[in-house]
Structures are given as C-alpha cells and as structure tokens.
Amino acid sequence: MNRLNLSSHGFALAVLALGAAAPAGATVLLGTDTSWRLTTVLPASDWNSALDFNDSGWVSAVQLTGLAPSPMSIWAPCAHPNALVNGTPVPATDYGAVGCQFSGDLDVWFRKTFELPAQPISAFMNAAIDDDLDIFINGQLVAGNHDCLAGSLGPVDISSFLTGGTNLVAVSAKDCTNDWGAYGSGNHQFSLTVNGELPVVTDPTSVPEPASALLMLGGLAGLAGARRRSAKKA
Ligand SMILES: [Ca+2]
Ligand SMILES: [Ca+2]
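Residues numbered from 1 in each chain as written. Chains lettered and ligands numbered in written order. Predicted model: local features only at pLDDT ≥ 70, side-chain atom pairs only at ≥ 80, totals over all residues.

### Here we look at the overall build of the protein chain
Part 1: Along the backbone of the protein chain there are one helix and 15 strands.
Part 2: Contacts spanning at least 24 positions in sequence make up 78% of the contacts within the protein chain whose residues lie at least 6 apart. (Helix = DSSP H or I, 4+ residues; strand = E, 2+ residues; numbered from the N terminus. Contact = placed C-beta atoms within 7 Å.)

### Topic: the nonpolar core
Part 1: Core analysis: the largest hydrophobic core is formed by 42 residues, its most contacted members being Phe-110, Ile-158 and Phe-190.
Part 2: The dominant element in this core, judged by the number of residues it contributes, is strand 10 (residues 122-130), at six residues.
Part 3: Apart from the residues lying within four places of it in its own chain, the contact partners of Phe-110 are Trp-36, Leu-38, Ala-61, Ala-170, Val-171, Ala-173 and Phe-190. (Core = buried A, V, L, I, M, F, W, Y, C linked by C-beta atoms within 7 Å. Buried ≥ 20, exposed ≤ 12 C-beta atoms within 10 Å, placed from the backbone.)

### Regarding the environment of Pro-77
Part 1: One can find Pro-77 in the loop between strand 6 (74-75) and strand 7 (84-85).
Part 2: C-alpha of Pro-77 to C-alpha of Ser-60: the two residues are 17 residues apart in sequence and 8.3 Å apart in space.
Part 3: Pro-77 has contacts with Val-59 and Val-62, leaving out every residue within four places of it along the chain.

### Focus: the sheet that holds strand 3 (residues 37-39)
Part 1: The six strands are arranged 4-3-9-14-11-12 in an open sheet whose pairing can be described as antiparallel. Across the chains shown, the open sheet's two edge strands, defined by having one partner strand only, are strand 4 (59-60) and strand 12 (140-145).
Part 2: Direction of pairing for strand 3 relative to strand 9 (residues 107-116): antiparallel, over a ladder of three bridges. Bridge assignment links Leu-38 to a residue of strand 9, and that residue is Phe-110. (Pairing = 2+ DSSP bridges.)

### Here's the deal with the pairing of strand 14 (residues 165-174)
Part 1: Note that strand 9 and strand 14 share ten bridges and pair antiparallel. In the strand pairing of strand 14, Leu-116 is matched with Gly-165.
Part 2: In terms of strand pairing, strand 11 (residues 132-137) meets strand 14 through six bridges, oriented antiparallel. If you follow Leu-133 over to strand 14, its bridge partner there is Ala-173.

### Some details on the confidence of the model for the protein chain
Part 1: When pLDDT is averaged along the protein chain, the result is 78, and 68% of the positions lie at 70 or above.
Part 2: Of all secondary-structure elements in the protein chain, the lowest mean pLDDT belongs to strand 1 (residues 7-8), at 35, while strand 11 reaches the highest, 98.
Part 3: Every residue in residues 1-20 scores below 50 in pLDDT, and together they form 50 contacts with partners more than four places removed in sequence or on other chains.
Part 4: Counting interchain partners and residues more than four positions distant, the pLDDT-below-50 stretch residues 210-226 has two contacts. (pLDDT = per-residue confidence, 0-100.)

Okay, structure coming up:
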C-alpha cells in the first residue's frame, strides 16, 4: 500500500503551499476546483469506490477566499449553522467577515470523477489539508493522516492506481474544531493536484513516410518472390 503520512506545520495556512516540483514533461492531470462534489452528511459505503455512485444530492465545492489561487483550496459552502466563537453560535450574517475558510463543517466528503486517455506513465499527487484526510483513488486508500494538525503531503506516486477511462478520486476530510476562537483556530481547507505524463499515442491511420513506404513495398515484393520460389520447390 502506497500510504504516506502528512508532515505537520501547525494551523498556519500560509505554509500549505505545495512545494514539490513536477517531473519534466509532466502536465496537470487533476486539480481541486469547484467541479468537485461534496457532502457534509456521512455517505453510503460505496461513495469512494463506485464510479456510478449517486451524488446528485451532493453540492459543488466552493473556492476558499484569501488563499493561493493555485492549487485551488476548496471546502463546503461557508454558510452553516454550526460555527462557534468561544463556544457561542455565530450568526450566519457574520460569516462574511472572516470568509469561507471558517465554517462549522467539520466532516466533508469529496468526490471527483475524471477521464484519462490511458494509464499515465507517471502520476504524482500532492495535497494540503487543514486538518486531516484519507484519499482514495478508484477505491484504494493511497494517503491518510489523522493528527488534527494542518499539513501537506506528497509527492505520492499514484500511477499504478489510475487507469485509462474514468477514474474516481474520493477524499474524506476533517476539520478538528468548529470553534473559531479569536477567528484563528476553526479554519479549514483542502487542495490537491496530480501531475504526470501520459503515453504518446501513435495514430494508426497516419500515412507512412515515403522512404518507409518504399521499404515496405520492397519487403512485400521480396516476400512474394520467396513464396513463388517456395511454390516451385514444392
Ligand atoms: Ca493533519
Ligand atoms: Ca482547522
């Protein structure tokens, strides 16, 4: 199992930039954005393995404001009735004062299906989480951390977990407190990128180069002559 632990950096989100360099020739195969689906209600058990899982009751992720735009940090929509300040519920009208990075959503389940033309030659995943998570690729647990501290992970080689066609990445994420305290401790965020290389696809309908075509014709003529000679001997 290709499972790695997060390194911890406290809750200072400024340190959560994803620093790992992508391999030469690699392109972004996947990134967090608002097309990811999420729920804050414990889903059925096949949420992280079934490509056709019905997530029509889930909602779109929101981009958290005030953080680096790339990779995009996402979470649940910020208006939520469970947020606290020093144990006291916060009126929803106050949420805007501190941005969507603070809400009362502690447990969030994310899903994203995406297409690949072929299994990648290489695929390296980096992620950042405030606070904890488990990441599943096509039903397989590939990374996890449960220390109730913000941190980042990667690069994790996930190439063997990906396939040509439809793939599923599913993430259970947890913020460890819904109490904003002095607007500093109840924050949360999740971001993920996969960089990798896809195999070069040769076009079977391409016209052979002239030199190649001549060689091919010469080879066919030689083969025909050999067959004629073989037939005379028989
Ligand atoms: Ca953590
Ligand atoms: Ca937190």
